[in-house]
Amino acid sequence: MYAYDQHEAIQHQEEFIFALAQANAPQFPALSALWEAYYDDPRISSAQASALLHELIALLAINGGSANKSLVNTVVRLLPFFSMASQGGHEIRTQSD
């Protein structure tokens, strides 16, 4: 994922976040939509980045919080990227493997 002058990635071993979101899909519409388009190189608007930011926080909260170390590591690493895109009004460009 690329926005402004920053780059971030969701690694293959981190794709479990989408399974967690799919288990409660109505609560996580932005994460569910990202997963549906994940391998199609979606573009993510700054508004969608804001929704993803909040959904990642909620996902962490309902899945063990700080006790879920692998989820904590993934979410904490992604939050600044989505925040920067949201606050800066930057579109996120994606590129799948």
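First things first, this report covers the structure right here in the doc. Since we're looking at a predicted model, the values are computed, not measured.

1. Comments concerning the overall build of the protein chain
Part 1 of the reasoning: A count of helices and strands for the protein chain gives four helices and four strands.
Part 2 of the reasoning: Secondary structure elements in the protein chain, listed N-terminal to C-terminal, are β-β-α-α-β-α-α-β.
Part 3 of the reasoning: Relative to its length of 97 residues, the protein chain is compact, with a C-alpha radius of gyration of 12 Å against a globular reference of 13 Å.
Part 4 of the reasoning: When its C-alpha atoms are laid out on the principal axes, the protein chain stretches across 35 × 25 × 25 Å.
Part 5 of the reasoning: Split into buried and exposed, the 97 residues of the protein chain put 39% on the buried side.

2. Regarding the packing of helix H2 (residues 29-37) against helix H3 (residues 46-62)
A packed helix pair is summarised by two numbers, namely the angle formed by the two axes and the spacing between the axes.
Part 1 of the reasoning: Packing of H2 against H3 brings their axes to within 8 Å, and their N-to-C directions diverge by 110°. Classified by the interaxial angle, the pair formed by H2 and H3 is roughly perpendicular. Along its contact with H2, which presents Pro29, Ala30, Leu31 and Leu34, the element H3 presents Ala51, Leu52, Glu55, Leu56 and Leu59.
Part 2 of the reasoning: Grouping the amino acids of the contact of H2 with H3 by side-chain chemistry returns eight nonpolar, no polar and one charged.

3. Details of the packing of aromatic side chains
Part 1 of the reasoning: Applying the stated rule across the entire model yields six aromatic pairs.
Part 2 of the reasoning: Aromatic side chains phenylalanine 18 and tryptophan 35 sit 4.7 Å apart centroid to centroid with 20° between the ring planes, which places their arrangement in the stacked category. Of the two residues, phenylalanine 18 sits in helix H1 (residues 16-23) while tryptophan 35 sits in helix H2, which places them 17 residues apart along the sequence.
Part 3 of the reasoning: Since its relative accessible area comes to 1%, phenylalanine 18 is described here as buried.
Part 4 of the reasoning: An aromatic cluster is defined as three or more aromatic residues linked by ring pairs; in this entry it consists of Phe18, Trp35, Tyr38 and Tyr39.

4. Some thoughts on the nonpolar core
Part 1 of the reasoning: With 28 residues, the main nonpolar core has Ile17, Leu31, Leu56, Phe82 and Ile92 as its most contacted residues.
Part 2 of the reasoning: Of all the secondary-structure elements, those providing two or more residues to this core are H1, H2, H3 and helix H4 (69-88).
Part 3 of the reasoning: The element contributing the most residues to this core is H4, with nine residues.
Part 4 of the reasoning: Residues within four places of isoleucine 92 in sequence aside, it is in contact with Met1, Tyr2, Ala3, Pro42, Arg43, Ile44, Ala49, Phe81, Phe82 and Ala85.

Cut-offs and rules
Residues numbered from 1 in each chain as written. Predicted model: local features only at pLDDT ≥ 70, side-chain atom pairs only at ≥ 80, totals over all residues. Heavy atoms only, no water. Helix = DSSP H or I, 4+ residues; strand = E, 2+ residues; numbered from the N terminus. Rg over C-alpha atoms; globule rule 2.2 N^0.38 Å. Buried < 20%, exposed > 50% of the residue type's maximum accessible area, 1.4 Å probe, protein only. Axes fitted to C-alpha atoms, helices over the stretch in contact; angles between N-to-C directions. Parallel < 35°, antiparallel > 145°, perpendicular 65-115°, else oblique. Contact = heavy atoms within 4.5 Å. Nonpolar A, V, L, I, M, F, W, Y, C, P; charged D, E, K, R; others polar. Phe/Tyr/Trp six-rings, centres within 6.5 Å; stacked < 30°, edge-to-face > 60°. Core = buried A, V, L, I, M, F, W, Y, C linked by side-chain atoms within 4.5 Å.

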